[in-house]
Each structure stands twice: as C-alpha cells, then as structure tokens.
Amino acid sequence: MNLFAEFLQVIREAVTAAAAEQGLTTSPDLSRVTAEPPREAAHGDVSTNAAMVLNKAFGKPPRVLAEAIAAKLSAHPDVAVVDIAGPGFINLRLKPVVWRRVLASVLALGDGYGRSRLGGGKKANVEYVSANPTGPLHVGHVRGAVFGDALAQLLIETGYDVTREYYINDAGAQVDVLARSAYLRYLEALGEDIGEIPSGLYPGDYLKPVGEALAKQYGPDLKQKSEADWLPIVRSTAMEMMMALIREDLAALNIRQEVFFSEKSLHDTGEVAATIADLRAMGHVYQGTLPPPKGDVPEDWEDREQTLFRATDFGDDIDRPLLKSDGSYTYFASDVAYSRNKIARGYKELIYILGADHGGYVKRLEAVAAALAGKGNVDVIVRLCQLVKLFRAGEPVRMSKRAGEFVTLRDVVDEVGPDVVRFMMLFRKNEAPLDFDFAKVTEQSKDNPVFYVQYAHARTCSVLRNAAAEGLLPAEAPDFSLLTDEAEQGIIRRIAEFPRLLESSAAAHEPHRIAFYLFDLAGDFHALWNKGKDSPQLRFILQEDVNLTTTRLAFLRAIRYVLSNGLRILGVRPAEEM
RNA sequence: GGUCCCGUAGCUCAGUCGGAUAGAGCAUCAGUUUCCUAAACUGAGGGUCACAGGUUCGAAUCCUGUCGGGGCCGCCA
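Parameters at a glance
- All residue numbers refer to position in the chain's written sequence, counted from 1.
- Lettering for chains starts from A, numbering for ligands starts from 1, and both go in the order in which the items are written.
- The model is predicted, so local features are restricted to residues of pLDDT at least 70 and side-chain atom pairs to those at 80 or more, both for listing and for counting; the totals for chains, interfaces and linings are taken over all residues.
- Side-chain figures throughout are based on the complete set of non-hydrogen atoms in the structure, without hydrogens or water.
- A strand pair is defined by DSSP finding two or more bridges across the two strands.
- Each helix corresponds to a stretch of at least 4 residues labelled H or I by DSSP, and each strand to a stretch of at least 2 residues labelled E; elements are numbered beginning at the N terminus.
- The convention used is that axes are lines fitted to C-alpha atoms, helices contributing only their stretch in contact, and that angles between N-to-C directions extend from 0 to 180 degrees.
- Every residue pair with non-hydrogen atoms within 4.5 Å of one another is taken to be in contact.
- Proximity is defined per residue: if any heavy atom of the residue lies within 4 Å of a molecule or strand, that residue is considered near it.
- A 3.5 Å cut-off defines polar contacts: any pair of N or O atoms within that distance qualifies, except that in protein one atom must be a possible hydrogen donor and the other a possible acceptor, and neighbouring residues in sequence count only when both atoms are side-chain atoms.
- The hand of a helix crossing depends on one turn: near helix anticlockwise from the far one by less than a right angle means left-handed, and clockwise means right-handed.
- Gly counts as polar in this scheme, as do all residues outside two lists: the nonpolar Ala, Val, Leu, Ile, Met, Phe, Trp, Tyr, Cys and Pro, and the charged Asp, Glu, Lys and Arg.
- Multiply 1.5 Å by the residue count of a helix minus one, and that product is the helix's expected span.

Novice: For this particular structure, what's the right way to read the sheet that holds strand β8 (residues 306–309)?
Specialist: One open sheet holds the three strands; their spatial order is β7-β8-β9, and the pairing between them is antiparallel. Looking at the sheet topology across the chains shown, the edges are occupied by β7 (285–288) and β9 (320–323). Across the sheet, the mean angle separating the axes of adjacent strands is 45° when strand polarity is ignored. Strand direction decides the pairing type here: β7 and β8, joined by four bridges, are antiparallel. Among the inter-strand pairings, V285 is bridged to a residue of β8, identified as F309. Where helix α12 (residues 331–344) meets the sheet, it contacts β8 and β9, and its direction lies at approximately 90° from that of β9.

Structure follows, in structure tokens:
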C-alpha cells in the first residue's frame, strides 16, 4: 500500500465534499493538493496544503477553509486527530492501526512492495552507454552505464514499459580507423614487425586478439587484397569483437541491454534517406549556410552551402546540417533517422543518458522529436552525468593522455566489485561531479555508505538466522501494536514513505534518491540496534518473550524487504552476511 | 558572444510537482564503550542557502539580472 497516495485520495474526497456543502458549482482544481509526511514528526503523520492552495477557489481564508475540510477528514476511520497549523496546514495524526497495516502490506507484498502503476504501461526507451565500438569501456562510461541501468529498473518498477538500448556508432570514420589499427595487428600476428602504432590509429593491446583471429581465419590472404577490399572484412570482424568485449564489460557490472541498435543499419535500410525526405516534405529542410560561431572563429572558416534542418523552429539555437557540402550524410542525419526509428517503434518517452560534454545535444534532440512526432507527442528526457574523478587514498589517479594507459571500466569493477561501483555511482545526483576513492569505498566502516547499507541488510539476515537456529521464526500474525518505541515508530514511518519515494524518483528520473533513502533507513535501523545496548528490552531476540520476539522478527523481515527492494532497483546485490 | 550545469555548515554533499524551526556524513568538542554481529555509540557547537530584485499566503526550490566555477559551441564522431 502507498499510504500517502491513499490519503491524497481521502483528502481530495474531503475537499469535494466540502465544496458541495459550500455550494460551489464547479469542482475545484485538485492538482496542487498534496499529501506528504511533515518534516517535523510533531506535526503529525500526514500533512496537506489543500486549504492554502484552494482558498481562492472557495473564496474563503485558508484557516476557515481548513476547518471545513478538517471536519470531513476527522470522520475518517483511520484518522485519530486533525490539527490546523501555521498558515493553514491540515495535519492528520493517524490511528496506530494504520501503521500496522503498512507493515502487514510490506510482508504481504514482499519483493513487490513499492511497485506502482505510475507509468501506466507507457513505452519508454532508455538509451545509455552507446560508446563507440572501438575498444573496451573506460572509466568515463561507468557512471552513465550505472545511472541508465538503475533508471531503467526504476521505471520498470513504477509501471513503464521499458526498453534498455545501446546505439552502436558503426557507420563513421572511427570504425575505419579501428579496421586499419586491427589490420596492423593482423600483420603482427603473421609475424611482421609493425613497430610503433602510428598516431591516429588505436594502439591498445586489446586489438591483438583481433589480429590473431584474422590471421587464423584468413591466413595471409588479406595481404594480397587492396585496402578497399580488406577494410570491410577487417572492420566487421574488429567491430564484432569490440562489441563482444563491451558486452562483457557491461555484464561485469550486471548490465544487460536488450537492444543494440546499429547506426549502419539505418543507412543500409534507407531510413536515413527516407527521414530526410520526410523532413523535406514537412518543409523543415532547406539549402543554406550557417553563421560562424561567436567567440573563437576558426581561422579556416569559410561559408559553405549545406542541407540544413530547421531546428530553430523547434527551440534549438541553430539549424543543423543533414548533408555536408559534398553531399554526404552528417552524423546528425543518422541521429535524426534513429529518433524517427524509435518513434516508429512506439516509444512515448525517449530517454538519453549522456556525458556532461553532450549538454549541447539536448535542444537538438528535443527539436528532432518535435519535428518528427509533432510538438508534445513524444517526451525527450536527457540526463547528463558529470565526470567521475578517481582517487586512491586521497591522491588523484593520474591518467596518461597517451593512449593505452586509460583506466578501464573493467579495472574499476575488478578491483572493488560491481555492487560497490553501482552504489557509489548513484550516491550523488547525476549532474554533480563525483569523487571515487578506491580506498574509501572498500572500507568496512560507517563512513562508507555502501558498507553501511549492505551491513544493515546483512544484519537483518543475521538476526533472522540466529533466531531460526533457536527455533524462533517471524510471527504469521504479528501483533505490531507491541512496537511502541520511538525508534521503531520512526522506521515504520520511513518504510511507509518508500512507495512515494519510488514514484517521485521515477517522475524526476533521479535514481540517486533511492540510494540516499537506503542510507537513511540503514541509519535508523543501526540506531535501533544500538539502542538495544542500553535498553535490553529493545533487542530483537528476547528469550523470555516469544510473542514480542516473533513480532520483532516479522518487523525485521519488513525492513529487510525494503532494503533489498531498494538495492534491487539500484542493481546492488543485498549482502546476506559480511 | 551564445548555451547548459553548478554555487547550501570548516570539508563532501542531500533537500520531496514551492510548505512549517534548512538536514546527513566527515572534521572539531564532551561523554560512553566487558553489548543479540566485531567492523563503534550518545550528545553538542557550527548557516546572510553566492548576491540583488520579482511572483506567492509561503522561496534554498519558480522568474529576471549580476558575480564566481565548469562543460559545450561549423560539415569531426
């Protein structure tokens, strides 16, 4: 159950009833009415701003209107006390039975507690990583990968129909560079001395297996061919092997996207040409020249006529070229075709997870979707992830610009494990830069949030295990009225907020809120645990009181569900022991 | 020049479609610590929410402007 969603409904009904009583002819706009937990526990359990946002519609001062709504609310069977406070807040104090129902619903729903139908089955496409298929993923890809994956899972659990997607940039010049680099490794595998890899080509060792595979499959045959003949062969083998490598990297982080979409396929199927024809038919394409950029004008700037998309009609700052001056397609052209393809597949939300250096893309992506689907028909949501800075015990990890010495995603995951990487990448909002210290994130102390949250979950498991060893199991019909301590009540309140948290995180596309919530819940739980030191009657296992013990075990199980459900959305495996 | 993001406690950061007395961790200080799982616990001090206007019953949050930090800015990918 979603306590706050339920009470929002109750409050809306009370407002409607009050409106009828006051003789209002039109029903008031309830969209701004909220039901939320007050910051101060002293203000009650559920608070609403209804009287303040509706006072104009009713033509009454907020506190007078609050009286009328409060009168309706106090008749509700779950409401113990109704207060009117401050400028017109209506604060509800709920009967204890409500909290017992919350816990009972957590236990009944288990893994499903927190799921909702907020999305209403809306088709959403989450595109993330989309790194060029020219080598293994590096540390710069980690954050977007984790963020995209967690956001996708969050949307799935809040009722969206989600596709996780990776766009393969396999049509540009960089895959030809890859092919030439791999060809050198092929010669090397045949025993030739290739010396230093020339600058402009990829020098990484990860291309050696590609060379070996080519040598094994073709022997010396490719050497007889001209570049025009061997390049497509080498390119396709190299790209296939690079994509396999990338998928392995992603798998190491427990990321499995269901669609890997090829840019090249858009050209092969004629979709790029068809897209431009469509835009032209709609009158969004013209021949023209772009003004030079302000500020630093390139020295070799010259005006050239190109085929342009009228992006400025849809909110972009500048029109965007579809065809270069020599008539070939721009990268942007296949981007537009890709958007068109997604729209044709029925997605209503196109979500892009990009690096912060792609901030300039937001407007053009929005413009493209608006031009192709009509304004307001498809939502484009771009989340930019800021850089991750690596540290080792406080010292920045130096990355040589010299190619081949970058830190790979695999280096990071292999050193600290996928769970630590995933949690830490989400323990900061996406648009803020993030420091990642190898020493701190593996530290076993309360200063390390990953450990702190994992340990809370492990602790619940541990107590349940210990109790089971003594034949004590969670009660089938727990009497939650026995949980009267302030710390216990606080945890119950926090648990009650979980479904609301998931909905607001999904609506804002901000999975990091879940990580912070889990950190807070873990803190509440550890605090309750520690209270048992001074107050033995607060411990979970009390030999002399089986009834209370089994009730507390059921409570513990509810806490565990919430912790594990939150961790599952983040893609972090809950530890059962540490 | 344009555009996007950021600016909250000494430090690192949260802050709910605008809500009541702005929170957490670290650090500092004062106590506690033979305890179901050890990897500590309890408490205290610490704020002009960059600045100035505006909208609102109400602004850290929305709008405008200024200052400061960063990213991006022709046909590259």
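Novice: Mind showing me how you'd approach the protein's contact with RNA strand B here?
Specialist: Around RNA strand B, a shell composed of 65 residues is seen, among which Q174, E302, Y361, Q444 and S462 lie nearest. K446 is positioned such that a nitrogen or oxygen atom in its side chain is 2.3 Å from a phosphate oxygen of RNA strand B. Elements with a contribution of two residues or more to the surface near RNA strand B: α2 (50–58), β3 (89–94), α6 (173–189), α17 (449–469) and α19 (512–534). Among the elements that line the surface near RNA strand B, the one with the most residues is α19, at eight residues.

Novice: Explain the environment of D317 here, please?
Specialist: For D317, the position within the fold is in the loop between β8 and β9. With 43 residues separating them in the primary sequence, D317 and G360 have C-alpha atoms 9.6 Å apart. Aside from chain neighbours lying at most four places away, what touches D317 is T312 and K363. Here K363 takes part through its side chain, which lies 3.0 Å from a polar atom of the side chain of D317.

Novice: When you look at the packing of α17 against helix α20 (residues 546–570) in this model, what are you seeing that I'm missing?
Specialist: Axes are the key here: two packed helices are described by the angle between their axes and the distance separating the axes. Running from amino to carboxyl end, α17 crosses α20 at an angle of 145°, the nearest separation of the two axes being 10 Å. Judged by the twist between their axes, the crossing of α17 over α20 is left-handed. Between α17 and α20, the contacting residues are V453, Q454, A456, H457, T460, C461, V463, L464 and A467 on the first element and L553, L556, R557, I559, R560, L563, S564 and L567 on the second. When the residues that make up the contact of α17 with α20 are grouped by side-chain class, the tally is eleven nonpolar, four polar and two charged.

Novice: Can you walk me through the environment of E470 in this structure?
Specialist: For E470, the position within the fold is in the loop between α17 and α18 (486–508). Measuring from C-alpha to C-alpha, the distance between E470 and E577 comes to 18 Å, with 107 residues separating the pair along the chain. Ignoring any residue separated from it by four or fewer positions in sequence, one finds E470 in contact with I541 and Q543.

Novice: Please explain the sheet that holds strand β11 (residues 379–385) as it appears in this structure.
Specialist: What holds strands together in a sheet is hydrogen bonding between their backbones, with the strands either parallel or antiparallel. Ordered by their spatial adjacency, five strands build an open sheet running β6-β5-β4-β10-β11, and the pairing between neighbours is parallel. This sheet does not close on itself; its edge strands, each paired only once, are β6 (259–262) and β11. Mean inter-strand twist for the sheet, computed between neighbouring axes without regard to direction, equals 25°. Of the strands in this sheet, β4 (123–127), β5 (161–168), β10 (349–355) and β11 touch helix α5 (residues 142–157), which is tilted by about 160° from β5. Helix α13 (residues 362–373) rests against β10 and β11 of the sheet, and its axis sits at about 165° to β11.

Novice: Help me understand the environment of K95 in this model?
Specialist: Within the secondary structure, K95 is located in the loop between β3 and α4 (96–109). Spatially, the C-alpha atom of K95 lies 68 Å from that of P209, the residues being 114 residues apart in sequence. Other than its neighbours up to four places away in sequence, K95 contacts P77, D78, V79 and A80.

Novice: Would you explain α4 in this entry?
Specialist: It helps to recall that an α-helix has 3.6 residues per turn; residues three or four apart then point in one direction. With 14 residues, α4 extends 20 Å between its outermost C-alpha atoms, agreeing within 8% with the 20 Å of an ideal straight helix rising 1.5 Å per residue. Where α4 is buried, its residues touch α1 (3–21), β3, α18 and α20. Following α4 by one or two positions, G110 has its phi on the positive side, about 55°.

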